[in-house]
Amino acid sequence: MFEINEKSNPADPTPSDHGQDILARLQARFGTLESHRQKQDLLRIEVDRDRLLPVLSWLKGDTPFVQLTHLTAVDWIEEDRFELIYLVTAPTLNLTLMIATYIDRQTATAESVFNLWLQAETYEQEINEMFGIDFPGSPRQGVPFILEGWDDMPPMRRDFDTVEYCERTHPERPGREHTDPRTYVGKKFGEKGYLS
Amino acid sequence: MKRFDPDKPWDLTTLPTTAGPDGSVPHAPVVKKADGQDQCFLGAGEVPAAPKLQEAVATIKNWFRANSLNVLAFGTGCGAIELRPLMTSRFDMSRFGITGAPTPRMSNVFIISGYLSTKTLKRVIRSYEQMPNPKWVVALGSCTINGGMYWDSYNTIKVLDLYMPVDVYISGCMPRPEALIAGFQYLMTEIKAGDANGWHHYLENLDWYRENQKQVIKDWDLPDYSW
């Protein structure tokens, strides 16, 4: 069993550095990994795609990091890739690992972690709908989750033009005025009184 | 005019069609006087009562209706949070004869409380059509009027009265419970005067509403009318 699987003392606000500990063990097992300490209780670790499933299954099986708190994606359209972020929490250590991995934006396919955490089914369904990333083997892929009868490109991709779609689909009430707040306030209170 | 056939209540063509779909002013809720609004409930052989008697009965009926408003428990957006203080002791809407109702079949006021996503719109239409006539819609907040802060959202409708008839709009983001009470008082005045006939307008122009609804609800699987 893993040594850091100990009860953290809730009365002690400064726990021992479990983050460095788990990072050292991860690197000893899986090679060099980029990391960044975001907060006291949040450690970001970048893992390439081949090592993602071994890292996650080792974390869940042999360490206190048993809970998948969140799974989401970021569209880095300039670099032509998606970033997948798995937040894995150790409730006993009060520490969360942000396991980040990059996948190709054109193929947009990633490995499912449904076999590790059953609740990943819902996250993967939502990412599939909102970003168009496919998780083969995950149930409910392609089943509508929030958007019903959606017939356009996935709306969370950054090349989706929200305003254009909205103007095309949802009519606007005639007479609505779009007022630039800066112009309006400047006109009302005088240019000098605003941001001067 | 074809008469209402009680054997075929789903046949909307037998309802009175005094006015056609007024596509000319689609954005303004058209509210008409209640002349003969109860005729659609006449049986096959029944004759409408004398106009004076009809008017007297309608006045009494409207007075009763205005003083027993049952609000459907359906919170669509953030405005639903303003209904809690309205129900409870601080603003106490039961002073005005307004109370809550758990199901569409037991209610006659639908409060659209804030932004409405297209997914919710489908459920709203289903619930609205299940409510017994007469029924009224109170739209809350700027999101229902012109989109509000969701003016560029891909999944939120902007003009509510394209999809269902609205009797009272209450502006604000969010409207305070006092504004809601003022809106309800306005609604009660309208009902007593026989002017709050959005439900009647909905039945008369159902095709026009259906067309608008199907433009945003892409996977349309509702029946012709949810009786």
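Residues numbered from 1 in each chain as written. Chains lettered and ligands numbered in written order. Predicted model: local features only at pLDDT ≥ 70, side-chain atom pairs only at ≥ 80, totals over all residues.

Peer 1: If you had to explain the overall build of chain B to someone new, which residues and values would you point to?
Peer 2: Scanning chain B for helices and strands turns up 7 helices and 5 strands. Secondary structure elements of chain B, listed N to C terminal, follow the sequence α-β-α-β-β-α-β-α-β-α-α-α. By the burial criterion, 37% of the 227 residues in chain B qualify as buried. Of all intrachain contacts in chain B linking residues separated by at least 6 positions in sequence, the fraction that spans at least 24 positions is 81%. (Helix = DSSP H or I, 4+ residues; strand = E, 2+ residues; numbered from the N terminus. Buried ≥ 20, exposed ≤ 12 C-beta atoms within 10 Å, placed from the backbone. Contact = placed C-beta atoms within 7 Å.)

Peer 1: Explain the overall build of chain A to me, using residue names and the numbers behind them.
Peer 2: Of regular secondary structure, chain A possesses 5 helices and 5 strands. When the helices and strands of chain A are listed from N to C terminus, the series reads α-β-β-α-β-β-β-α-α-α. Across the 196 residues in chain A, those meeting the buried criterion constitute 22%. In chain A, the share of contacts with a sequence separation of at least 24, taken over all contacts with a separation of at least 6, comes to 49%.

Peer 1: Residue-level account of the packing of helix α1 (residues 51-66) of chain B against helix α5 (residues 177-192) of chain B, with values.
Peer 2: All names here are of chain B. Interhelical geometry of α1 versus α5 gives an angle of 165° and a closest axis separation of 8 Å. Taken together, α1 and α5 sit at an angle that is classed as roughly antiparallel. Read as a crossing pair, α1 and α5 show a hand that is right-handed. From α1, Asn62, Trp63, Arg65 and Ala66 reach across to α5, where they touch Met188, Ile191 and Lys192. (Axes fitted to C-alpha atoms, helices over the stretch in contact; angles between N-to-C directions. Parallel < 35°, antiparallel > 145°, perpendicular 65-115°, else oblique. Left-handed = near helix turned anticlockwise from the far one by under 90°.)

Peer 1: Describe the sheet that holds strand β2 (residues 42-46) of chain A, with residues and values.
Peer 2: As a general point, the strands of a sheet are linked pairwise by backbone hydrogen bonds and lie either parallel or antiparallel. Residues and elements named next belong to chain A. Strand order in the open sheet formed by 5 strands is β1-β2-β5-β4-β3, with mixed pairing between adjacent strands. Here the strands that pair on one side only, and so sit at the sheet edges, are β1 (34-39) and β3 (67-76). When the angles between neighbouring strand axes are averaged without regard to direction, this sheet yields 20°. Bridge count for β3 against strand β4 (residues 81-90) is 9 bridges, and the pairing is antiparallel. Residue pairing for β4: tryptophan 76 is matched across the bridge by arginine 81. Sheet strands touched by helix α1 (residues 18-30): β1, β2 and β5 (95-104). Its angle to β2, the strand with the most contacts, is close to 20°. The sheet strands contacting helix α2 (residues 49-62) are β4 and β5, and the helix crosses β5 at an angle near 155°. (Pairing = 2+ DSSP bridges.)

Peer 1: Any chance you could break down the nonpolar core for me, citing the residues and the numbers?
Peer 2: Phe110(B), Ile112(B), Val138(B) and Leu160(B) are the most contacted members of the largest nonpolar core, which has 45 residues in total. What Leu160(B) contacts, discounting residues up to four positions off in sequence, is Ile112(B), Leu116(B), Ala139(B), Thr144(B) and Val166(B). In terms of nonpolar packing, the next biggest core, distinct from the first, is built from 30 residues, Phe65(A), Leu71(A), Tyr86(A) and Val113(A) among them. (Core = buried A, V, L, I, M, F, W, Y, C linked by C-beta atoms within 7 Å.)

Peer 1: How would you summarise the interface of chain A and chain B if you had to cite specific residues and measurements?
Peer 2: Residue-level contacts link 17 residues of chain A with 15 residues of chain B. Considering only residue class, the side of chain A that touches chain B consists of 8 nonpolar, 4 polar and 5 charged. (Nonpolar A, V, L, I, M, F, W, Y, C, P; charged D, E, K, R; others polar.)

Peer 1: I'd love a proper account of the environment of Thr63(A), names of residues and values included.
Peer 2: All names here are of chain A. Checked against the element boundaries, threonine 63 lands in the loop between α2 and β3. A count of 22 C-beta atoms within 10 Å places threonine 63 in the buried class. Linking threonine 63 and glutamate 83, residues 20 residues apart in sequence, is a C-alpha distance of 24 Å.

Peer 1: Please give an account of the packing of α1(A) against α2(A) that cites residues and values.
Peer 2: All names here are of chain A. In the contact formed by α1 and α2, the axes pass within 12 Å of each other and the chain directions differ by 130°. Looking at the two axes, α1 sits oblique to α2. Here the hand of the crossing between α1 and α2 comes out right-handed. Residue-level contacts link Leu26, Arg29 and Phe30 of α1 to Arg51, Pro54, Val55 and Trp58 of α2. Its residues assigned to classes, the contact of α1 with α2 shows 5 nonpolar, no polar and 2 charged.

Peer 1: Got a sec to walk through the confidence of the model for chain A? Specific residues and values, please.
Peer 2: Residues and elements named next belong to chain A. Chain-level statistics for chain A give a pLDDT mean of 85 and a share of 89% at 70 or above. Mean pLDDT per element in chain A: helix α5 (residues 181-189) is the minimum at 76, and β4 is the maximum at 95. Below a pLDDT of 50 lies the segment residues 1-6, which in the model reaches 8 contacts outside its immediate sequence neighbourhood of four places, other chains included. (pLDDT = per-residue confidence, 0-100.)

Peer 1: Run through α5(B), naming residues and quoting values.
Peer 2: All names here are of chain B. Under the 1.5 Å per step criterion, the end-to-end length of α5 is 22 Å for 16 residues, consistent within 8% with the ideal 22 Å. By the burial criterion, the buried members of α5 are Leu180, Gly183, Phe184, Leu187, Met188 and Ile191. Down the axis of α5, the sector holding all buried residues measures 140°, keeping them to one side. Opposite its buried face, α5 presents the exposed residues Glu178 and Thr189, each directed more than 90 degrees away. The secondary structure elements touched by the buried residues of α5 are α1, α2 (83-87), β2 (98-101), β4 (136-140) and β5 (168-170). (Expected span 1.5 Å × (residues − 1). Arc of directions from axis to C-beta.)

Peer 1: Before we move on, can you summarise unusual backbone geometry with the specific residues and values?
Peer 2: Residues and elements named next belong to chain B. In this chain, asparagine 133 is followed by proline 134 through a cis amide linkage whose omega measures -5°. On the secondary structure map, proline 134 appears in the loop between α3 (118-130) and β4. Cis rather than trans, the peptide bond between cysteine 173 and methionine 174 has omega equal to -10°. Mapping methionine 174 onto the fold places it in the loop between β5 and α5.

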